Amino acid sequence: MLPCFKPFGLQTTGSLLYRTAVDATVSPPRPRGWHRFANPGQFLRLAARVTPPVAWAGGILTAVGLFWGLFIAPADWQQGNAVRIMYLHVPSAWLASAGYMALAACAVASLVWRHPLADLAAVEIGPVGAAFAALCLVTGSLWGRPTWGTYWVWDARLTSMLVLFFLYLGHIALIRAFDDPQRGYRAASILALIGVVDLPIIHFSVQWWNTLHQGNSISLTSAPKMYIGMLAPLMVSALGFTLLFAALVLARLSAAVMERRTRAVLLAEVRSA
Amino acid sequence: MFADLLRRELRLGLRHAADSVAALLFFVVVTALFPLGVGPEPKLLARIGPGVIWVAALLAAILPLDRLFGADAEDGSLDLLLLSGLPPAGVAILKACAHWLLTGLPLLLASGPVAIMFGVEPAPFAVLMLGLLPGTLVLSLLGTAAAALVVGARRGGVLLPLLVLPLATPVLIMGTLAAEAARTDAPYAAPLLVLGALLALCAPFCPLAAGAALRQSV
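Residues numbered from 1 in each chain as written. Chains lettered and ligands numbered in written order. Predicted model: local features only at pLDDT ≥ 70, side-chain atom pairs only at ≥ 80, totals over all residues. Heavy atoms only, no water.

What to know about the overall build of chain B
Here is step 1: Of regular secondary structure, chain B possesses 10 helices and zero strands.
Here is step 2: A globule of 218 residues ought to have a C-alpha radius of gyration of about 17 Å, and chain B, at 18 Å, matches this closely.
Here is step 3: Referenced to the eigenvectors of the C-alpha coordinate spread, the extents of chain B come out at roughly 55 × 30 × 30 Å.
Here is step 4: In chain B, which comprises 218 residues, the share counted as buried stands at 52%.
Here is step 5: For chain B, contacts bridging at least 24 residues in sequence account for 80% of all contacts bridging at least 6.
Here is step 6: Within chain B, the 12 negative side-chain charges are centred at a point lying 3 Å from the centre of the 12 positive side-chain charges. (Helix = DSSP H or I, 4+ residues; strand = E, 2+ residues; numbered from the N terminus. Rg over C-alpha atoms; globule rule 2.2 N^0.38 Å. Buried < 20%, exposed > 50% of the residue type's maximum accessible area, 1.4 Å probe, protein only. Contact = heavy atoms within 4.5 Å. Lys, Arg positive; Asp, Glu negative; His and termini not counted. Charge placed at Lys NZ, Arg CZ, Asp CG, Glu CD.)

Structure representation (structure tokens):
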């Protein structure tokens, strides 16, 4: 039996009453695993402890990776120094895709378990993921100018990243479009799931349509086709970006939880006055 | 009961024909603007014709989506539809059928004359029509899912293009690829088959997603 979740606002105002009423009869089963963090207090305590080290580690790793990539790593024999934009471009591309996967995971958690944190996380991941998608598009366009001789080509990867950016925008707009936030969470969850099914199809069809972008240099299944002196800083900066992404989402999530609490407290004051 | 409800949808659609006619007119006017925009050179028009028709059909199919559930949600008949005994996914299939019959099919019929006006050759013409048949069906299904998502939203009509168009890019790409292949005497079966595959994928999943969205909306 899954623990019963109360919406955040109610829980903060009514928690004292709720606790005493329940204690008088039978103590409720202790939620286990990640369901514990449906309790906003639990989540806030954890986030307060985790966010600063993640943010620091992410910042330092990003700085090291970018410095290494921009100043120490060798220039490409063909592209020259223009290749250095890769250390910014590739991590943002990876995070833009990973962010959408995270949205889909939140959608599952929201639809299956009604996990309140997943709903809030979906609200907060959207803009961060969209920002990384935009960063990827901008850096890619700046990279294209010296290497391909043009800011934009209708190449498969560029186009599918552009479509991904639009998918993010649709999700961001939909989740905020309802007066009843719960309705927005449900609708946006369904949209995220449709999107995640459609993404590979979009990717495949766009690839069939046109390809100019270079093929994969890194894959999980084969040895990387890349010099280790360039691969290492790329990995460091990708890890740094990922941690920064996590820290950003955690900080936004904590802020959203606290905002809800504040609103609930203010509402309670208005009601009692 | 499905047939009765579908008949009701069609009767309502024909009595308020303005929505469907507006979409059709939009389609014809937009396609007519392209020769004015890019110049009347026949070779160019014959080349871009299928693409223009696909894009215009995509945009026109979105126009009536706002009212697909909107009118029913406002006067409460959506609640009655969901209580009628049909599962929510069945209601979604009903709406998708109605949308295709009232918008998709007229668009399909209108694209014939428009393609002739663009001077599209017979081979790409046939492939264009063959692609538009599953294409408009997929658009109706995707559009129904998106329309179900925005029931009750503020500015739902503005949201719809942002939701549907990115999801519909594969349909557009496959449809135009097939017509382009037919124009250049390349094999065109594969993109058409992919369109069929997209239809086979959308036919069960879009109504399910739309049904889930509808259940949340009431």
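Examining the environment of B:Leu177
Here is step 1: Along the chain, B:Leu177 turns up in helix H9 (residues 169–183).
Here is step 2: Along the backbone, B:Leu177 and B:Ala3 are 174 residues apart, and their C-alpha atoms lie at a distance of 36 Å.
Here is step 3: Contact partners of B:Leu177, with chain neighbours within four places excluded, come to A:Trp208, A:Trp209 and B:Pro191.

Section: the nonpolar core
Here is step 1: In this structure, A:Phe43, A:Met161, A:Leu174, B:Phe27, B:Phe69 and B:Leu214 are the most contacted members of the largest nonpolar core, which totals 124 residues.
Here is step 2: Among the nonpolar cores identified, the runner-up in size contains nine residues, and A:Val83, A:Tyr87, A:Leu231 and A:Leu234 belong to it. (Core = buried A, V, L, I, M, F, W, Y, C linked by side-chain atoms within 4.5 Å.)

Some points on the packing of helix H4 (residues 65–75) of chain B against helix H7 (residues 122–149) of chain B
Residues and elements named next belong to chain B.
Here is step 1: Relative orientation of the contacting elements H4 and H7 amounts to 45°, with a least axis distance of 8 Å. The angle between H4 and H7 places the two elements in the oblique class. Crossing handedness for the pair H4 and H7: right-handed. Taken together, the residues of H7 that come into contact with H4 (itself represented by Leu65, Leu68 and Phe69) are Gly143, Thr144, Ala147 and Ala148.
Here is step 2: Grouping the amino acids of the contact of H4 with H7 by side-chain chemistry returns five nonpolar, two polar and no charged. (Axes fitted to C-alpha atoms, helices over the stretch in contact; angles between N-to-C directions. Parallel < 35°, antiparallel > 145°, perpendicular 65-115°, else oblique. Left-handed = near helix turned anticlockwise from the far one by under 90°. Nonpolar A, V, L, I, M, F, W, Y, C, P; charged D, E, K, R; others polar.)

A closer look at unusual backbone geometry
A negative phi angle characterises most non-glycine residues, just as the trans form characterises most peptide bonds.
Residues and elements named next belong to chain A.
Here is step 1: Notably, arginine 114 is not glycine yet its phi reads approximately 55°, a positive angle.
Here is step 2: For arginine 114, the location among the structural elements is in the loop between helix H3 (86–113) and helix H4 (116–148).
Here is step 3: A relative accessible area of 39% places arginine 114 in the partly exposed class.

Concerning the pattern of salt bridges
A side chain with one charge can pair with a side chain of the opposite charge if their charged atoms come near.
Here is step 1: What the rule picks out here adds up to 11 salt bridges over all chains.
Here is step 2: The residue A:Asp179 makes a salt bridge to B:Arg154 at a minimum N-O spacing of 2.5 Å. Pair noted here: A:Asp179 is in the loop between helix H5 (156–175) and helix H6 (181–209) and B:Arg154 is in the loop between H7 and helix H8 (156–167), and the two residues belong to different chains.
Here is step 3: Between A:Glu259 and A:Arg263 there is a salt bridge, with its nearest N and O atoms 2.8 Å apart. (Salt bridge = Lys/Arg side-chain N within 4 Å of Asp/Glu carboxyl O.)

So, the confidence of the model for chain A
Here is step 1: Across chain A, pLDDT averages 82, with 84% of residues at or above 70.
Here is step 2: Note that residues 1–22 of chain A has pLDDT below 50 and, in this model, 30 contacts with residues that lie over four places away or in other chains. (pLDDT = per-residue confidence, 0-100.)

A few points about the interface of chain A and chain B
Here is step 1: The partner chain B presents 28 residues to the 27 residues of chain A that form the contact.
Here is step 2: A combined buried area of about 2400 Å² lies between chain A and chain B, and 75% of that area is made up of carbon and sulfur atoms.
Here is step 3: By the criterion of area lost to chain B, the three top residues of chain A are A:Arg183, A:Ile190 and A:Trp208, representing 23% of everything that side buries.
Here is step 4: Joining chain A to chain B, the criterion identifies six residue pairs in polar contact (both at pLDDT 80 or more).
Here is step 5: Looking at the side of chain A that touches chain B, the elements with two or more residues in it are H5 and H6 of chain A.
Here is step 6: Among the elements that make up the side of chain A that touches chain B, the one with the highest residue count is H6(A) (15 residues).
Here is step 7: Broken down by class, the residue content of the side of chain A that touches chain B amounts to 18 nonpolar, three polar and six charged. (Buried area = accessible area lost by both parts, 1.4 Å probe. Polar contact = N/O pair within 3.5 Å; in protein donor to acceptor, adjacent residues only side chain to side chain.)

Observations regarding helix H2 (residues 40–72) of chain A
Residue and element names in this part refer to chain A.
Here is step 1: In this model, H2 (33 residues) spans 45 Å end to end at C-alpha, consistent with the 48 Å of a helix rising 1.5 Å per residue.
Here is step 2: Bending of H2 peaks at approximately 30° at the position of valine 50, with proline proline 52 no more than four residues after it.
Here is step 3: For H2, the complete set of buried residues consists of Pro40, Gly41, Phe43, Leu44, Ala47, Thr51, Val54, Gly58, Thr62, Gly65 and Gly69. (Expected span 1.5 Å × (residues − 1). Bend = angle between axes of the 7 residues up to and from the residue.)

Section: the environment of B:Leu160
Residues and elements named next belong to chain B.
Here is step 1: With respect to the helices and strands, leucine 160 occurs in helix H8.
Here is step 2: Owing to a relative accessible area of 1%, leucine 160 belongs among the buried residues under this scheme.
Here is step 3: For the pair leucine 160 and valine 150, spaced 10 residues apart in the sequence, the C-alpha separation amounts to 7.5 Å.

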